[in-house]
Amino acid sequence: MDLQLTGKSALVTGATAGIGLEIARTLAAEGARVIITGRDGAKLDAAVAVIKTTGKSDVSGLLADAASAEGAAIIAKAAPSVDILVNNLGIYESKAFGDITDADWSHLFDVNVMSGVRLSRTYLPGMLERNWGRIIFISSESGLAIPQDMIHYATTKTAQLSISRGLAQLTRGSNVTVNSVLPGPTRSEGIEAFLRSQASDPSAPIKQIEAEFFATARAASILQRMVDAEEVANLVAYLASPRSSATNGAALRAEGGLVNTIA
């Protein structure tokens, strides 16, 4: 299926690794002109090189911290207009509620929530004026199924759902859409360390640790396995395309390529 993305411009934040990198690679492969952001110049250059292996050379990296107001201003100046905004930047950690400091809460909100707020505020008016655009928040299933050891992270992901839904209501009657994608646990950089931190035996083989994680911490999972970043990227590419014109204000759960509308 042609997703009709040729010539569209896309900005993907936090795209030097993991889900963000795969989203950027997939959009580029579909013909979009892609800009990715990152804070580490070497990683940014490496990610651009990976995306160019798709055969699409119209990709660029922008060295900026999307989690700060200063970084958002740099991004807005370098790319004053985009057709597609993917608010992917995000961090997570496992921490007992009593140990989560005010600084921890503020840091996660700056990275996971305010990065998307600032950039959406920058780009939504232009999308509405041109009567076409896509804003996509990469949230998490944790925004609905709250892990007891990641309450601060889960709260930021719930906040993304509220923001996304609210922005969608501002697009009423237009060809602009705003949606959220809620991946389950996804294979990405650092996930093995996270799984081992949750395991009863951190030294066990990773396959055993993964099975234990889904049997205990994610017993409600249908797949009972990690989601691949490519599976999430395929859903995001569809939402970014003109073909998704009737999908707006939705929160879509991405679990191994299966999608459930939950809001």
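You'll find the structure just up there.
Residues numbered from 1 in each chain as written. Predicted model: local features only at pLDDT ≥ 70, side-chain atom pairs only at ≥ 80, totals over all residues. Heavy atoms only, no water.

Visitor: Is there a simple way to explain the packing of helix H1 (residues 18–29) against helix H8 (residues 229–240) in this structure?
Guide: Helix packing for two helices is described by the angle between their axes and how far apart those axes are. Packing of H1 against H8 leaves a shortest axis separation of 8 Å and a crossing angle of 50°. The angle between H1 and H8 falls in the class oblique. Where H1 crosses over H8, the handedness of that crossing is right-handed. Here H1 contributes Gly-18, Ile-19, Glu-22, Ile-23, Thr-26 and Leu-27 to the contact with H8, which in turn contributes Ala-229, Glu-230, Val-232, Ala-233, Asn-234, Val-236, Ala-237 and Ala-240. Each residue belonging to the contact of H1 with H8 can be placed in one class, and the counts come to 9 nonpolar, 3 polar and 2 charged. (Axes fitted to C-alpha atoms, helices over the stretch in contact; angles between N-to-C directions. Helix = DSSP H or I, 4+ residues; strand = E, 2+ residues; numbered from the N terminus. Parallel < 35°, antiparallel > 145°, perpendicular 65-115°, else oblique. Left-handed = near helix turned anticlockwise from the far one by under 90°. Contact = heavy atoms within 4.5 Å. Nonpolar A, V, L, I, M, F, W, Y, C, P; charged D, E, K, R; others polar.)

Visitor: How should I be thinking about helix H7 (residues 206–216) in this particular structure?
Guide: Listed as buried for H7 are Ile-209, Glu-210, Phe-213 and Phe-214. Here the buried residues of H7 occupy an arc of 130° about the axis, which is enough to place them on one side. In H7, the exposed residues that point more than 90 degrees away from the buried face are Lys-207, Ala-215 and Thr-216. The inward-facing, buried residues of H7 contact helix H6 (191–198). (Buried < 20%, exposed > 50% of the residue type's maximum accessible area, 1.4 Å probe, protein only. Arc of directions from axis to C-beta.)

Visitor: Help me understand the nonpolar core in this model?
Guide: It is characteristic of soluble globular proteins that their nonpolar side chains tend to be buried jointly. Counting residues in each nonpolar core, the largest one holds 36 residues, and the members touching the most others are Ile-23, Leu-27, Val-34, Ile-36, Val-86, Val-181 and Val-236. Contributing elements (two or more residues each) for this core: strand E1 (9–12), H1, strand E2 (33–38), helix H2 (41–52), strand E4 (84–87), strand E5 (133–138) and H8. In terms of residues, this core owes the most to one element, H8, which gives 8 residues. Excluding its chain neighbours within four sequence positions, the residues that come into contact with Val-34 are Ala-10, Ala-24, Leu-27, Ala-28, Asp-58, Val-59 and Ser-60. Ile-35, Leu-85, Leu-89 and Val-178 belong to the second-largest nonpolar core, a separate cluster that totals 23 residues. (Core = buried A, V, L, I, M, F, W, Y, C linked by side-chain atoms within 4.5 Å.)

Visitor: Even after reading the chapter, I still don't get the pattern of salt bridges, so can you show me in this structure?
Guide: Side chains that carry opposite charge are capable of pairing whenever their charged atoms lie near each other. Under the criterion given, the structure shown has 2 salt bridges. Across the pair Arg-25 and Glu-22 runs a salt bridge whose closest N-O atoms are separated by 2.8 Å. Remark: Glu-22 and Arg-25 occur in helix H1; sequence separation between them is 3 residues, near one turn of the helix. Relative accessible area serves as the criterion here: at 25%, Arg-25 is assigned to the partly exposed category. A relative accessible area of 17% places Glu-22 in the buried class. Among the salt bridges present, the one from Lys-95 reaches Asp-104, with a minimum N-O distance of 2.7 Å. With a relative accessible area of 24%, Lys-95 lands in the partly exposed category. Asp-104 sits in the buried class, given a relative accessible area of 16%. (Salt bridge = Lys/Arg side-chain N within 4 Å of Asp/Glu carboxyl O.)

Visitor: Mind showing me how you'd approach the side chain of Ser-120 here?
Guide: Among the structural elements, Ser-120 can be located in helix H4 (residues 102–130). Classification of Ser-120 as buried rests on a relative accessible area of 2%. At a separation of 2.7 Å, a polar atom in the side chain of Ser-120 contacts the main-chain carbonyl oxygen of Gly-116. Ignoring sequence-local partners within four residues, the contact set of Ser-120 consists of Leu-85, Asn-87, Pro-125, Ile-135, Phe-137 and Leu-167. (Polar contact = N/O pair within 3.5 Å; in protein donor to acceptor, adjacent residues only side chain to side chain.)

Visitor: Which parts of the structure should I look at to understand the environment of Leu-89?
Guide: Along the chain, Leu-89 falls in the loop between E4 and H4. Judged by its relative accessible area of 18%, Leu-89 is buried. As for Leu-89 and Asp-65, which are separated by 24 residues in sequence, their C-alpha atoms are 9.6 Å apart. If we skip the residues at most four places from it in the chain, Leu-89 touches Thr-13, Gly-14, Ala-66, Ala-67, Val-111, Asn-112 and Ser-115.

Visitor: Sorry if this is basic, but what is going on with H4 here?
Guide: In a regular helix each residue adds 1.5 Å, so 29 residues correspond to 42 Å; H4 covers 41 Å between its end C-alpha atoms and thus fits that length. In H4, a bend of some 40° at Met-114 exceeds every other bend along the element. Positioned one or two residues after H4, Asn-131 has a phi angle of 60°, which is positive. (Expected span 1.5 Å × (residues − 1). Bend = angle between axes of the 7 residues up to and from the residue.)

Visitor: Explanation requested: the packing of aromatic side chains in the structure shown.
Guide: When we look at a pair of aromatic rings, we describe it by the centre distance and by the angle of the planes. In this structure the tally under the stated criterion is 1 aromatic pair. Between Tyr-92 and Tyr-153 the ring centres are 6.2 Å apart and the planes differ by 65°, which places this aromatic pair in the edge-to-face class. Separated by 61 residues along the polypeptide, Tyr-92 in the loop between E4 and H4 and Tyr-153 in helix H5 (residues 151–170) bring together distant segments of the chain. With relative accessibility at 34%, the residue Tyr-92 sits in the partly exposed group. You can call Tyr-153 buried: its relative accessible area is 11%. Against the face of Trp-132 rests Lys-8, its NZ or CZ located 3.9 Å from the ring centre. (Phe/Tyr/Trp six-rings, centres within 6.5 Å; stacked < 30°, edge-to-face > 60°. Lys NZ or Arg CZ within 6 Å of the ring centre and 35° of its normal.)

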